[in-house]
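An overview of the molecular structure
Here's the letter readout for the chains.
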Amino acid sequence: EVSEELSMTQLAHGLADLTPVQIADPNVVELAEQARVAASLRAHVPVSAIQLVGNLVTAVSLAIALWTLSPLAGAIALLVLVPTLYGFSVVARREVTHWPQVVAPTRKANYLLDQLKYQRTATELATLGAGRRMADLASMGFRERLTRFLALLAKNLRLGVITAAI
């Protein structure tokens, strides 16, 4: 998310600094769209799912290995999964309920960024010298989304520490 916010901010300011002649070039507009999509997609790696599967495989493997030595030890190893699974389910519910508030500032920021990206509006903004203001407003929206995301991430990490300690 941090790298996406930085990429979007750099893109917004780069577009704001284009001259009307540069904006008229369809290749520049296409490159701007590709940069925006690439910055957005880079941040959506399913890390939590990978961690959950890794934890499950590790715990079950350990339980099977311990079961051969002591069924009680194998059962305890499986019980260790309960806090982790509970923690992941709380995180998933939290993300479903809070994600709309996290990404809400993105809609306006993307709209402002689009005004800098599309040839007609970008030409008007460049002519009026208002491109930098639009870029700053877009940047504020991306920064707000990042702040909200980091707050949600901090809550999830605290829960992860608590479930790991149990």
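This one's a predicted model, so the numbers in the text were calculated from it and none came from an experiment.

**Details of the overall build of the protein**
- From N to C terminus, the protein includes eight helices and zero strands.
- Its C-alpha atoms give the protein a radius of gyration of 23 Å, clearly above 15 Å, the size a compact globule of 166 residues would have.
- In the protein, which comprises 166 residues, the proportion classed as buried is 32%.
- Within the protein, contacts between residues at least 6 apart in sequence are counted, and of these 78% link residues at least 24 apart.
- On the protein, roughly 10100 Å² of surface is accessible, and the fraction owed to carbon and sulfur atoms is 69%.
- For the protein, the distance from the average position of its 15 positive side-chain charges to the average position of its 12 negative side-chain charges is 9 Å.

**Quick look at the nonpolar core**
- Judged by nonpolar contacts, the single largest core of 18 residues is most densely connected at Leu15, Leu113, Leu116 and Phe142.
- Among the secondary structure elements, those contributing two or more residues to this core are helix 1 (2-16), helix 6 (81-117), helix 7 (119-128) and helix 8 (131-165).
- Per-element accounting of this core gives the leading share, five residues, to helix 1.

**Description of the confidence of the model for the protein**
- Here the protein shows a mean pLDDT of 84. Residues at 70 or above account for 90%.
- Taken element by element, the predicted model of the protein shows its lowest mean pLDDT in helix 3 (residues 26-42) (71) and its highest in helix 7 (93).

**Points about the side chain of Thr163**
- Positionally, Thr163 belongs in helix 8.
- A polar contact is formed between the side chain of Thr163 and the backbone oxygen of Gly160, at a distance of 3.1 Å.
- For Thr163, the contacting residues outside a window of four places in its chain are Pro83 and Gly87.

**Observations concerning the packing of helix 5 (residues 71-79) against helix 6**
- Following both chains from N to C, one finds helix 5 and helix 6 inclined at 15°, their axes separated by 5 Å at the closest point. Regarding the angle of helix 5 to helix 6, the classification is roughly parallel. Two secondary-structure elements touch here, helix 5 through Ala77, Leu78 and Leu79 and helix 6 through Leu81, Val82 and Pro83.
- Taken together, the residues of the contact of helix 5 with helix 6 break down into six nonpolar, no polar and no charged.

Parameters at a glance
Residues numbered from 1 in each chain as written. Predicted model: local features only at pLDDT ≥ 70, side-chain atom pairs only at ≥ 80, totals over all residues. Heavy atoms only, no water. Helix = DSSP H or I, 4+ residues; strand = E, 2+ residues; numbered from the N terminus. Rg over C-alpha atoms; globule rule 2.2 N^0.38 Å. Buried < 20%, exposed > 50% of the residue type's maximum accessible area, 1.4 Å probe, protein only. Contact = heavy atoms within 4.5 Å. Areas by Shrake-Rupley, 256 points an atom, 1.4 Å probe, with all protein chains shown as cover. Lys, Arg positive; Asp, Glu negative; His and termini not counted. Charge placed at Lys NZ, Arg CZ, Asp CG, Glu CD. Core = buried A, V, L, I, M, F, W, Y, C linked by side-chain atoms within 4.5 Å. pLDDT = per-residue confidence, 0-100. Polar contact = N/O pair within 3.5 Å; in protein donor to acceptor, adjacent residues only side chain to side chain. Axes fitted to C-alpha atoms, helices over the stretch in contact; angles between N-to-C directions. Parallel < 35°, antiparallel > 145°, perpendicular 65-115°, else oblique. Nonpolar A, V, L, I, M, F, W, Y, C, P; charged D, E, K, R; others polar.

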